[in-house]
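Single-letter residue listing:
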Amino acid sequence: MVSLDGVAARKGNRHAFVWERVYDLVARDSEHGGSSLFIKQELAKALGCSVRSVDRAILRLRREGFIESVPRYAESGAQMANAYRLVR
């Protein structure tokens, strides 16, 4: 399950956009372990949005140069879920 501890649901007096919350999640995890690992379906459920909204948030953050995706592979060579980290 995805933990949203430290990821604010509000920015000032408004609700945070999905992309803002995804950024905060990646930033939090990058600070502690170098990258953020999550299953998009689980993240969408935790955020209360659709998987497509999570996809759009990740795409936006990647296009704007805030995060990068890092492919991960199992020992068998099968691709696993991507890891995400802040671009420094």
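Everything that follows concerns the structure shown earlier in this document.
Everything quoted here is computed from the prediction, not taken from an experiment.

So, how was this worked out
- Residues numbered from 1 in each chain as written.
- Predicted model: local features only at pLDDT ≥ 70, side-chain atom pairs only at ≥ 80, totals over all residues.
- Heavy atoms only, no water.
- Core = buried A, V, L, I, M, F, W, Y, C linked by side-chain atoms within 4.5 Å.
- Buried < 20%, exposed > 50% of the residue type's maximum accessible area, 1.4 Å probe, protein only.
- Helix = DSSP H or I, 4+ residues; strand = E, 2+ residues; numbered from the N terminus.
- Contact = heavy atoms within 4.5 Å.
- Salt bridge = Lys/Arg side-chain N within 4 Å of Asp/Glu carboxyl O.
- Axes fitted to C-alpha atoms, helices over the stretch in contact; angles between N-to-C directions.
- Parallel < 35°, antiparallel > 145°, perpendicular 65-115°, else oblique.
- Left-handed = near helix turned anticlockwise from the far one by under 90°.
- Nonpolar A, V, L, I, M, F, W, Y, C, P; charged D, E, K, R; others polar.

1. Description of the nonpolar core
Part 1 of the argument: Counting residues in each nonpolar core, the largest one holds 18 residues, and the members touching the most others are Val 22, Val 26, Phe 38, Leu 43, Ile 58 and Ile 67.
Part 2 of the argument: When residues of this core are traced back to their parent elements, those giving at least two are α1 (18–33), α2 (40–47), α3 (51–63) and β5 (79–86).
Part 3 of the argument: Among residues more than four places away in sequence, those in contact with Leu 43 are Val 2, Leu 4, Val 22, Leu 25, Phe 38 and Val 54.

2. Quick notes on the pattern of salt bridges
Pairing between side chains of opposite charge can happen when the charged atoms of each approach one another.
Part 1 of the argument: Using the criterion set out here, one finds 6 salt bridges in the structure.
Part 2 of the argument: Ionic pairing is found between Arg 14 and Glu 20, a salt bridge with its closest N-O pair at 2.8 Å.
Part 3 of the argument: A relative accessible area of 32% means that Arg 14 is categorised as partly exposed.
Part 4 of the argument: Residue classification places Glu 20 among the buried residues on the basis of a relative accessible area of 10%.
Part 5 of the argument: For Lys 40, the salt bridge goes to Asp 55, with nearest N and O atoms at 2.8 Å. Note that Lys 40 is positioned in helix α2 and Asp 55 in helix α3, a separation of 15 residues in sequence.

3. Remarks on the packing of α1 against α3
What describes two packed helices is the angle between their axes and the distance between those same axes.
Part 1 of the argument: Viewed as axis vectors pointing N to C, α1 and α3 meet at an angle of 70°, and their least axial separation amounts to 9 Å. Here α1 is positioned roughly perpendicular relative to α3, judged by the angle of their axes. Like other packed secondary-structure pairs, α1 and α3 cross with a definite hand, here right-handed. In this structure, α1 contributes Val 18, Trp 19, Val 22 and Tyr 23 to the contact, and α3 contributes Ser 53, Val 54, Ala 57, Ile 58, Arg 60 and Leu 61.
Part 2 of the argument: The class makeup of the residues in the contact of α1 with α3 is 8 nonpolar, 1 polar and 1 charged.

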